[in-house]
Amino acid sequence: MIAPGWQNFREGEPLLRRTHLAIQQVEGMIQAQRILGKCAEPDRASWGALMHPFLALCARARLTEFHCHLLRQAAARIVDWEDLVARAEMQGIGPLVYTHVQAAGIDVPPAARLSLQGLYLRHRHAAGVRTQVLGEILAACQGQNIPILTLKGAALAYLVYPQPGLRPMRDLDLLVRPMDLERTRHVLDQLRFVDPPYRLPGDHHHLTAMSRTVDGLLVSVEVHHALLSDPRRGEPARLDDLIDAALAFDLPAAGGSVTARTLGREDMLWHIYRHGFGASLSYEPFRLIWAADMVSLVEACVDEIDWALVRRRYRQVWNTLPLFHFLTPWSDDVLDKLSLNVKRMPGGVGESFKGWPVFSLAAQKEKGTWGVLCDTFFPSEWWTYLHYGAGGMASRLCCRLITHPLHLLPWVWRYLSDRVVGSKN
Amino acid sequence: MNLDGLPKQNPAYRLEALDGEVLLYSQDDTRILYCNPSASLIWQLCDGARTAGDIIAVLRAAFPDAAETISEDVETALGEFERLGAIEWA
């Protein structure tokens, strides 16, 4: 980059503009906590009430003109753009917001625009590094005849997003057969990945994340041997259960490309749903990037997905599809083809679970007893239906009045037991 | 400004063009700086081998019309880079 002529710093174009997000390094902090095995309480408070309609609308890989119109309307109501950018990053959709703002022709104040550009560039660079590393791992595993599937963001980034950098991720998630775990660990050892100073229990569904720094970026890999419970059998799904439906895609790599494989589209929908919305209450609150994954996969593959299979095998996924419409509306194509019922908007759209045990009682003191009880036993309608995959009026009513309170019982029991033991000691 | 100091790029920073602008950003956090073409040139000269005085001399030779202001501009830019953590002094 050669300056065509000297541009004096004090005249005309500003010398250097600087910005710094108010809530910075959120992703970095979460990553550090995960690596240190301390993913418990810390930053959850900062998640509360983070949803903004503009961000919810951005939770999709591609926009139609209608979405652009909605975005322009929502943008007109944004008061603090820099705060919004920081929240976008926490929700994992900073790069999507950058591209959508451009596509919709929205004017963003200079400091926030600079922040968005920074997020986009940072994730673009990270995606390039991760692509290279993933290609190395897959090639090495293929060389050792280890069947391997690429999961979640590491596959979706190439399958449904226009550019991989639009799908930020913390780890590369891979699935191998249980018998191949040690051989895969050895492959990673040879590729200079290192174990953290702690080990997860041997029966955990993935190995302790191994990491390696490449071009200044910490790349973390989680090797799974089982996925979340498969409704077909009520137990974790293994690679052998999923490989027949696996989907192949080309991963750009140095000197050509590597063929990667991932879950079949229907299994992928289930996995995104279970991981992002149906996981244990103790897991982190849902993030918009998971909604973006779900929405983008459906929009991109509505003609290829076997919807009869989804309805039959993954009923919860099918039931939750209308709920995403209230975050970021489905395209007419999806609404027509799937005949989704989106007539009634449930209460509390976008509102995550904010009661106990996700937040400690101490952290909710200001709500008062009644507030804590309400948030715990009667969370938002939208979240409840999403979390339990409830569809139909009777099922939804049952979910709110019976399933959710029953689900909390073990936590209550554990809490009371700890109190009794604590008082005896 | 110490003209004998050796400004050196922090390797965590990258300089890239986007939307017709040149941006200097950190890979480790959210710090980012918009650079005009002159500032980006100064950044590229911070190789840990040239002193601040050398950088001024190189730029004065390249842009004789702006020779009078270049010293102050380099000082301003290096100060900003340093505040951002984008350079270290060897």
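Predicted, not measured: the structure shown is a model, and the values here were computed from it. (Residues numbered from 1 in each chain as written. Chains lettered and ligands numbered in written order. Predicted model: local features only at pLDDT ≥ 70, side-chain atom pairs only at ≥ 80, totals over all residues. Heavy atoms only, no water.)

Draft legend 1. Inspection of the overall build of chain A at higher detail. Counting its secondary structure elements, chain A contains 17 helices and 9 strands. Put simply, chain A has 425 residues, and 54% of those count as buried. For chain A, contacts bridging at least 24 residues in sequence account for 67% of all contacts bridging at least 6. When the accessible surface of chain A is summed, it comes to about 18,900 Å², and 55% of that surface belongs to carbon and sulfur atoms. (Helix = DSSP H or I, 4+ residues; strand = E, 2+ residues; numbered from the N terminus. Buried < 20%, exposed > 50% of the residue type's maximum accessible area, 1.4 Å probe, protein only. Contact = heavy atoms within 4.5 Å. Areas by Shrake-Rupley, 256 points an atom, 1.4 Å probe, with all protein chains shown as cover.)

Draft legend 2. Spatial organisation of helix α11 (residues 288-301) of chain A. Residue and element names in this part refer to chain A. Relative to the 20 Å expected for 14 residues at 1.5 Å per residue, α11 spans 20 Å between its end C-alpha atoms, a close match to the ideal helical length. Within α11, 12 of the 14 residues are buried, leaving the element largely enclosed by the surrounding structure. What α11 keeps buried is the set L288, I289, W290, A291, A292, D293, M294, V295, S296, L297, V298 and C301. (Expected span 1.5 Å × (residues − 1).)

Draft legend 3. Structural view of the pattern of salt bridges. Residues and elements named next belong to chain A. One pass over the full model with this rule turns up 24 salt bridges over all chains. The shortest N-O distance in the salt bridge between E65 and R72 comes to 2.8 Å. Exposure remark for E65: the relative accessible area of 54% places this residue in the exposed category. R212 is paired through a salt bridge with E136; the nearest N and O atoms lie 3.1 Å apart. Highlighted residues: R212 in strand β4 (residues 210-214) and E136 in helix α6 (residues 110-143), separated in sequence by 76 residues. Here E136 falls in the partly exposed class, since its relative accessible area comes to 25%. (Salt bridge = Lys/Arg side-chain N within 4 Å of Asp/Glu carboxyl O.)

Draft legend 4. Highlighting the packing of aromatic side chains. Residue and element names in this part refer to chain A. Counted according to the given criterion, the structure contains 14 aromatic pairs over all chains. Considering the side-chain rings of W383 and Y388, the 6.3 Å spacing of their centres and the 85 degrees angle between planes classify their relative orientation as edge-to-face. For the pair formed by W383 and Y388, the shared burial category is buried. By way of ring pairs, the aromatic residues W270, Y273, F277, F286, Y314, F324 and W382 are connected into one cluster. Lying across the ring of W318, R311 places its NZ or CZ 4.7 Å from the centre. (Phe/Tyr/Trp six-rings, centres within 6.5 Å; stacked < 30°, edge-to-face > 60°. Lys NZ or Arg CZ within 6 Å of the ring centre and 35° of its normal.)

Draft legend 5. Spotlight on the packing of helix α7 (residues 152-159) of chain A against helix α10 (residues 265-276) of chain A. All names here are of chain A. Where α7 contacts α10, the axes come no closer than 11 Å and their chain directions differ by 130 degrees. With respect to their mutual orientation, α7 and α10 come out oblique. As for how α7 packs across α10, the hand of that crossing is left-handed. Of the residues in α10, those touching α7 at K152, A155, L156 and L159 are M268, H271, I272 and H275. Class assignment for the residues of the contact of α7 with α10 results in 5 nonpolar, 2 polar and 1 charged. (Axes fitted to C-alpha atoms, helices over the stretch in contact; angles between N-to-C directions. Parallel < 35°, antiparallel > 145°, perpendicular 65-115°, else oblique. Left-handed = near helix turned anticlockwise from the far one by under 90°. Nonpolar A, V, L, I, M, F, W, Y, C, P; charged D, E, K, R; others polar.)

Draft legend 6. Seen up close, the confidence of the model for chain B. All names here are of chain B. Of all residues in chain B, 100% attain a pLDDT of 70 or more, and the chain-wide mean is 92. For chain B, strand β4 (residues 32-35) is the element with the lowest average pLDDT, namely 90, and strand β1 (residues 7-9) is the one with the highest, namely 97. Scoring the predicted complex yields pTM 0.86 and, for the interface, ipTM 0.88. (pLDDT = per-residue confidence, 0-100.)

Draft legend 7. How the structure looks around unusual backbone geometry. Residues and elements named next belong to chain A. Residue W356 is joined to P357 through a cis peptide bond whose omega torsion reads 10 degrees. Along the chain, P357 falls in the loop between α14 (332-338) and α15 (368-377). With a phi angle near 70 degrees, R192 is a residue other than glycine that sits in the positive phi range. Counting through the fold element by element, R192 comes out in the loop between α8 (181-190) and β4. Phi at S339 is positive, roughly 50 degrees, even though this residue is not glycine. Examined against the element boundaries, S339 turns out to sit in the loop between α14 and α15.

Draft legend 8. Here's a closer look at the confidence of the model for chain A. Residues and elements named next belong to chain A. Looking at chain A as a whole, the pLDDT averages 85, with 84% of positions reaching at least 70. Confidence over residues 10-14 falls short of pLDDT 50; this stretch has 9 contacts with residues more than four positions distant or in other chains. Long-range and interchain partners of residues 19-50, a stretch whose pLDDT sits below 50, account for 73 contacts in this model, where long-range means more than four residues apart.

Draft legend 9. Geometry of the side chain of Q364 of chain A. Relative to the helices and strands, Q364 of chain A resides in the loop between α14 and α15. Classification of Q364 of chain A as buried rests on a relative accessible area of 1%.

Draft legend 10. Up close: the environment of D303 of chain A. Residues and elements named next belong to chain A. For D303, the position within the fold is in the loop between α11 and α12 (307-313). When its relative accessible area of 55% is taken as the criterion, D303 is described as exposed. Taking the C-alpha atoms as reference points, D303 and A237, 66 residues apart in sequence, are found 25 Å from one another. Of the polar contacts made by the side chain of D303, one reaches the side chain of K337; its length is 2.9 Å. (Polar contact = N/O pair within 3.5 Å; in protein donor to acceptor, adjacent residues only side chain to side chain.)

Draft legend 11. How the structure looks around helix α3 (residues 67-84) of chain B. Residues and elements named next belong to chain B. Between the first and last C-alpha of α3 there are 26 Å, a value that for 18 residues agrees with the 26 Å anticipated at 1.5 Å per step. The set of residues buried in α3 consists of I70, D73, V74, A77, L78, G79, E80, F81 and L84. G85 occupies a position one or two residues after α3 and carries a positive phi of about 85 degrees.

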